[in-house]
Amino acid sequence: MVAKKGHPRILLVGGGAREHAIGEALCRRQKVNLSVVSHNYNPGLARLACQFERYKETDVESIIRFAQHHRVNLAVIGLEDSLDVGLPDALADIGIPTVGPCRDAARVETSKLFARDLMRRHDIPGQVEYHHFTDVNSLRKFLLSASHDYALKPVGLTAGKGVKVMGEHFGSVEGAIAYGEKVIQEEIGGTSGLIVEERLIGEEFTLQAFIDGETVLPMPLVQDFKRALEGDMGPNTGGMGSYSEPDGLLPFVTRKESDDALEILRLVLLALRTEGMRYEGILYGQFMVTDRGIRLIEMNARFGDPEAVNVLPLLESDFVDVCRAIVGGTLRNIDLRFARKATVCKYVTPPDYGIEPKVGVPIKLDIPKIQSLGVRLFFAKVDQDQKEDVFLTTSSRSIALVGIGDSVEEAEALVEQATSYVSGNYYIRHDIAKKEMLQRKALRKEIAVAAYR
Ligand code: AMP
Ligand code: GLY
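Residues numbered from 1 in each chain as written. Chains lettered and ligands numbered in written order. Predicted model: local features only at pLDDT ≥ 70, side-chain atom pairs only at ≥ 80, totals over all residues. Heavy atoms only, no water.

Colleague: Explain the site of ligand 1 here, please?
Modeller: Near ligand 1 lie 14 residues; those nearest to it are Lys153, Glu198, Leu200, Glu204 and Glu298. The side chain of Lys112 places a nitrogen or oxygen atom 3.2 Å from an oxygen atom of ligand 1. For ligand 1, the protein covers 94% of the area, taking 460 Å² as the surface of the free molecule. Considered class by class, the residues forming the shell around ligand 1 number five nonpolar, one polar and eight charged. (Near = heavy atom within 4 Å. Polar contact = N/O pair within 3.5 Å; in protein donor to acceptor, adjacent residues only side chain to side chain. Areas by Shrake-Rupley, 256 points an atom, 1.4 Å probe, with all protein chains shown as cover. Nonpolar A, V, L, I, M, F, W, Y, C, P; charged D, E, K, R; others polar.)

Colleague: How should I be thinking about the side chain of Gln51 in this particular structure?
Modeller: In this fold, Gln51 is placed in strand β3 (residues 51-53). Exposure remark for Gln51: the relative accessible area of 15% places this residue in the buried category. For Gln51, the side chain forms a polar contact with the side chain of Ser35, separated by 2.6 Å. (Helix = DSSP H or I, 4+ residues; strand = E, 2+ residues; numbered from the N terminus. Buried < 20%, exposed > 50% of the residue type's maximum accessible area, 1.4 Å probe, protein only.)

Colleague: I keep staring at the sheet that holds strand β14 (residues 280-290) and nothing clicks. Help me out?
Modeller: Pairing between the strands of a sheet comes from backbone hydrogen bonds, and it takes one of two forms, parallel or antiparallel. Overall, antiparallel pairing links the four strands, which are arranged β11-β10-β14-β15 in an open sheet. The two strands at the open ends of the sheet, each matched to only one other strand, are β11 (216-218) and β15 (293-300). On average, each strand axis in the sheet is inclined to that of its neighbour by 35°, with strand direction left out of account. Here strand β10 (residues 203-212) runs beside β11; their pairing, made up of three bridges, is antiparallel. Paired with Ile211 across the two strands is Val216, which belongs to β11. Strands β10, β11, β14 and β15 of the sheet are contacted by helix α10 (residues 255-274), whose axis makes an angle of about 45° with β10. Helix α12 (residues 319-328) rests against β10 and β14 of the sheet, and its axis sits at about 70° to β10. (Pairing = 2+ DSSP bridges. Axes fitted to C-alpha atoms, helices over the stretch in contact; angles between N-to-C directions. Contact = heavy atoms within 4.5 Å.)

Colleague: What is the right way to read the pattern of salt bridges from this model?
Modeller: When the charged atoms of two side chains with opposite charge come close together, those side chains can pair. Throughout the structure, instances matching the rule amount to 34 salt bridges. A salt bridge links Arg199 to Glu168; the shortest N-O distance between them is 3.3 Å. Of this pair, Arg199 sits in the loop between β9 (194-198) and β10 while Glu168 sits in the loop between β8 (164-165) and α9 (173-185); the two residues are 31 residues apart in sequence, bridging distant segments of the chain. Exposure remark for Arg199: the relative accessible area of 24% places this residue in the partly exposed category. On the basis of relative accessible area, Glu168 is assigned to the partly exposed category, the value being 38%. (Salt bridge = Lys/Arg side-chain N within 4 Å of Asp/Glu carboxyl O.)

Colleague: What's the story with the site of ligand 2 in this structure? I'm lost.
Modeller: In the region of ligand 2, the neighbouring residues are Asp224, Gly238, Tyr284, Asn300, Arg302, Gly304, Asp305, Pro306 and Glu307. Side-chain polar atom of Arg302 to an oxygen atom of ligand 2: 2.9 Å apart, as the coordinates give it. Asp305 places a main-chain nitrogen or oxygen 2.9 Å from an oxygen atom of ligand 2. Considered on its own, ligand 2 offers 200 Å² of accessible surface; in the complex 92% of this is hidden by protein.

Colleague: How should I be thinking about the state of the cysteines in this particular structure?
Modeller: Put plainly, two cysteines are in a disulfide when a covalent bond ties their sulfur atoms together. Inspection of the entire model under this criterion finds zero disulfides. Cys50 carries a free sulfur, and the closest cysteine sulfur to it, the one in Cys27, is 7.7 Å from it. (Disulfide = S-S within 2.5 Å.)

Colleague: Looking at this structure, how should I read helix α3 (residues 60-69)?
Modeller: In an α-helix, one turn spans 3.6 residues, which is why side chains three or four residues apart end up on the same side. If you check which residues of α3 are buried, you get Val60, Ser62, Ile63, Ile64, Phe66 and Ala67. Next to the buried residues of α3 lie β1 (9-13), β2 (33-37), β3 and α5 (87-93). Just beyond α3, the residue with positive phi is Arg71, at close to 45°.

Colleague: Just to check I follow, could you spell out the environment of Met233 for this structure?
Modeller: Inspection of the secondary structure assignment puts Met233 in strand β13 (residues 233-244). C-alpha separation for the pair Met233 and Glu168, spaced 65 residues apart in sequence, amounts to 8.9 Å. Not counting the four nearest positions on each side in its chain, Met233 is found in contact with Arg227 and Ala228.

Colleague: Could you clarify how one ought to interpret the packing of aromatic side chains in this entry?
Modeller: In this description, an aromatic ring pair is defined by two values, namely the gap between the centres and the angle between the planes. Under the counting rule described, the total for this entry stands at eleven aromatic pairs. Between Tyr41 and Phe52, the aromatic rings sit 6.2 Å apart at their centres with planes inclined by 50°, giving tilted as the arrangement. Of this pair, Tyr41 sits in the loop between β2 and α2 (43-48) while Phe52 is found in strand β3, placing the two residues eleven residues apart along the sequence. Its relative accessible area of 21% is what places Phe52 among the partly exposed residues. Considering the side-chain rings of Tyr55 and Phe66, the 6.2 Å spacing of their centres and the 85° angle between planes classify their relative orientation as edge-to-face. Of this pair, Tyr55 sits in the loop between β3 and α3 while Phe66 sits in helix α3, and the two are eleven residues apart along the sequence. Classification of Tyr55 by relative accessible area gives partly exposed; the value is 23%. Here Phe66 falls in the buried class, since its relative accessible area comes to 5%. A cation over a ring is seen here: Arg107 above Phe114, with NZ or CZ 4.1 Å from the ring centre. One Lys or Arg, Lys164, reaches over the ring of Tyr179 and ends 5.4 Å from the middle of that ring. (Phe/Tyr/Trp six-rings, centres within 6.5 Å; stacked < 30°, edge-to-face > 60°. Lys NZ or Arg CZ within 6 Å of the ring centre and 35° of its normal.)

Colleague: Can you help me understand a nonpolar patch on the surface in this one?
Modeller: Taken together, Leu229, Met233 and Ile355 make up a surface patch of nonpolar side chains, about 290 Å² in accessible area. Considering the arrangement of structural elements, one finds Ile355 in the loop between β16 (342-348) and β17 (362-365). (Patch = residues over 30% accessible without salt bridge, like charges linked within 9 Å, V, L, I, M, F, W, Y side chains within 5 Å.)

Keep in mind these numbers describe shape, not what the thing actually does.
Below, the structure written as structure tokens:
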């Protein structure tokens, strides 16, 4: 794309399907001079961008130079790694406002200990029992005498792959102890800390919100499927797919539960402000509906991937205006509108993704046919082949296919139809958002609520 004078000059950091959806939303309603920084090539973003530079998303110095060179006047950060190294702080130092919190506030995601302690300090609802270990012997002693199951989580970032749950991922307490020891000794997640949390049982949902430091505007709820294999089996991944409903709720979430979740995010923001931290960006809450009410599983300081590809295509307001309001403290004046449609995302991934992904496997796409179905296609991490319609897998997810319809059933059927225009030896979770699966979820909720009465 050719750069033009007078258009907003926006820097977008990151090169996955989430960032492709962000870039697409930024360019949807007005001409934007988009500068993208991503360590990987992204064919979708390369098409949208006026400038595309392959720096690491944590290479603050190069990104700052790039932003100055292109006289960027707004930045949007896609991924947590850039928040963890304080890219928004560095951009603020040179006068570039950024959709993405400062490093201190981003600890709601980058340190699970900070997030849990913050909730405890401010008595925020939705808490869980948790313990912090840095010492292998105390961990062993604790788990051997435990009377119920726990979830084991590295304190730092692991791209969604570090959490392991007793009763799901381990055959015995010894297995859990061995994993905990590994996290502590090998400093998985970048620090030698481990959080051991009471194991919760229930359905999970995501609530994302725009935040300008004060006002919190929610997006439609999304359910993400983290497990690699059909039937929610296998290891946790970054997310294999997701869906949302036209009314912004989910089959197993009531309006009250959704409001409670939003209130928790509001209280988190208030807690950060009380402690002197500004938060301008996206706050993402992962919640679980349990038979004792909703619980906060984790927070992210950015859009979810895949959740961004569900909500951003539905955004009817101008996303550039929303971003300006986030950094300008004027979100309360934004008329935030989303189309009342259902969405279903299924990720095309390399064979054996989540276990031992096969790299360099060709995937051929008939893009015009996919688009003729109205199915949206967001590139994640693929390399381009010599042929224009062939892409090669990397070790990460490849392509997000997103169906939009009047019902989840319709959106799901569209994605399945689209897969007939994707050929190659790829893996996809066909079971995501199938009717039988959603009926089961709605039923579980009814049983849980009845038991609680
Ligand atoms: P997180 O990275 O904290 O979102 O955790 C990844 C996944 O691990 C979550 O989406 C849950 O499925 C599972 N998980 C995390 N914490 C717990 C918990 N306390 N109890 C049960 N499952 C959990
Ligand atoms: N979908 C989970 C995440 O973005 O971390």
